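Fold and contact review
One letter stands for each residue in the lines below.
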Amino acid sequence: MKIFSFARDDGHHVDQYGSDFVLAPLTDPRGRVRVACFHLSPGEFIGEHEATVDQLFCVVEGSGWVSGSDGVQSTIKSHQGAYWASGERHATGTEYGLTAIVLEGDEFSITAHEIPL
């Protein structure tokens, strides 16, 4: 067995797309499926950009908002996730802070319970 850390201090600051958050990778970014922990402190955000592959954004702590191609912000909190298809524009932000595990890859088959917007 191996133990790994994906704490905020193990990550690096991201400012691409006008973003302001810390990303702690869990897998090699060149792999077929990528997994990372995103740490957003109060007031931080991920700027609007196009998904290069399918993305599943799973909030494990805190709350904030997510938006898709329409730009409408929807509230998201712990134990909820947002899915963006490859090519979809999206953004994320938080007033109070949030931590999310993000999975990126091709052709996700989501089986979790969908929450109506």
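Below is a short write-up of the structure.

**As for the overall build of the protein**
A count of helical and extended segments in the protein gives zero helices and nine strands. Against the 2.2 N^0.38 benchmark of 13 Å for 117 residues, the protein shows a C-alpha radius of gyration of 13 Å, consistent with a compact globule. The principal-axis extent of the C-alpha atoms belonging to the protein is close to 40 × 30 × 25 Å. Buried residues in the protein amount to 38% of all 117 residues. Within the protein, counting contacts between residues at least 6 apart in sequence, those at least 24 apart form 63% of the total. Surface summary for the protein: the accessible area is close to 7,400 Å², and the carbon and sulfur share equals 53%. Charged side chains of the protein number 7 positive and 17 negative; the gap between the two group centres comes to 7 Å.

**Observations regarding the packing of aromatic side chains**
Think of a pair of aromatic rings as described by two things: how far the centres are apart, and how the planes are tilted against each other in angle. One pass over the structure, following the stated rule, counts three aromatic pairs. With centroids separated by 5.0 Å and ring planes inclined at 15°, the aromatic side chains of Phe21 and Phe38 adopt a geometry described as stacked. Here Phe38 lies in strand β3 (residues 34-40) and Phe21 lies in strand β2 (residues 21-25), a separation of 17 residues in the sequence. Grouping residues by exposure puts Phe21 and Phe38 together as buried. Pairwise contacts between aromatic rings join Phe21, Phe38, Phe57 and Trp84 into one cluster.

**Brief notes about the environment of Leu98**
By the secondary structure assignment, Leu98 is in strand β9 (residues 98-105). According to the relative accessible area criterion, Leu98 is buried, its value standing at 4%. Put simply, Leu98 and Phe45 are 53 residues apart on the chain and 10.0 Å apart in space, counted from C-alpha to C-alpha. Setting aside chain neighbours within four positions, we find Leu98 in contact with Phe38, His39, Leu40, Phe57, Val59, Glu61, Gly62, Ser63, Gly64 and Gly93.

**Overview of the nonpolar core**
With 16 residues, the main nonpolar core has Phe21, Phe38 and Phe57 as its most contacted residues. Within the residue set of this core, elements represented by two or more residues are β2, β3, β5 (54-67), β7 (80-84) and β9. The contacts of Phe21, once residues within four sequence positions are left out, are His12, His13, Val14, Phe38, His39, Leu40, Glu44, Phe45 and Ile46.

**What to know about the layout of surface pockets**
Put simply, the largest pocket is a space of about 780 Å³. Every residue lining the largest pocket is counted, 24 residues in all, and those nearest its centre are Gly81, Ala82, Tyr83, Glu114 and Ile115. At the level of secondary structure, the elements contributing two or more residues to the lining of the largest pocket comprise β5, β6 (73-77) and β7. Considered as a void within the structure, the second largest pocket measures approximately 550 Å³ in volume. Those elements giving two or more residues to the lining of the second largest pocket turn out to be β1 (12-14), β2, β3, β4 (45-50), β5, β8 (89-93) and β9. Element by element, the count of residues in the lining of the second largest pocket is highest for β3, at four residues. Along the lines of polarity and charge, the residues of the lining of the second largest pocket split into 13 nonpolar, nine polar and four charged.

Cut-offs applied
- Residues numbered from 1 in each chain as written.
- Predicted model: local features only at pLDDT ≥ 70, side-chain atom pairs only at ≥ 80, totals over all residues.
- Heavy atoms only, no water.
- Helix = DSSP H or I, 4+ residues; strand = E, 2+ residues; numbered from the N terminus.
- Rg over C-alpha atoms; globule rule 2.2 N^0.38 Å.
- Buried < 20%, exposed > 50% of the residue type's maximum accessible area, 1.4 Å probe, protein only.
- Contact = heavy atoms within 4.5 Å.
- Areas by Shrake-Rupley, 256 points an atom, 1.4 Å probe, with all protein chains shown as cover.
- Lys, Arg positive; Asp, Glu negative; His and termini not counted.
- Charge placed at Lys NZ, Arg CZ, Asp CG, Glu CD.
- Phe/Tyr/Trp six-rings, centres within 6.5 Å; stacked < 30°, edge-to-face > 60°.
- Core = buried A, V, L, I, M, F, W, Y, C linked by side-chain atoms within 4.5 Å.
- 1 Å grid on protein atoms, 1.4 Å probe; cavity = no way out; pocket = protein on both sides within 12 Å on 5 of 7 lines; lining within 4 Å.
- Points joined across faces, edges and corners; volume = space filled by probe spheres on them.
- Nonpolar A, V, L, I, M, F, W, Y, C, P; charged D, E, K, R; others polar.

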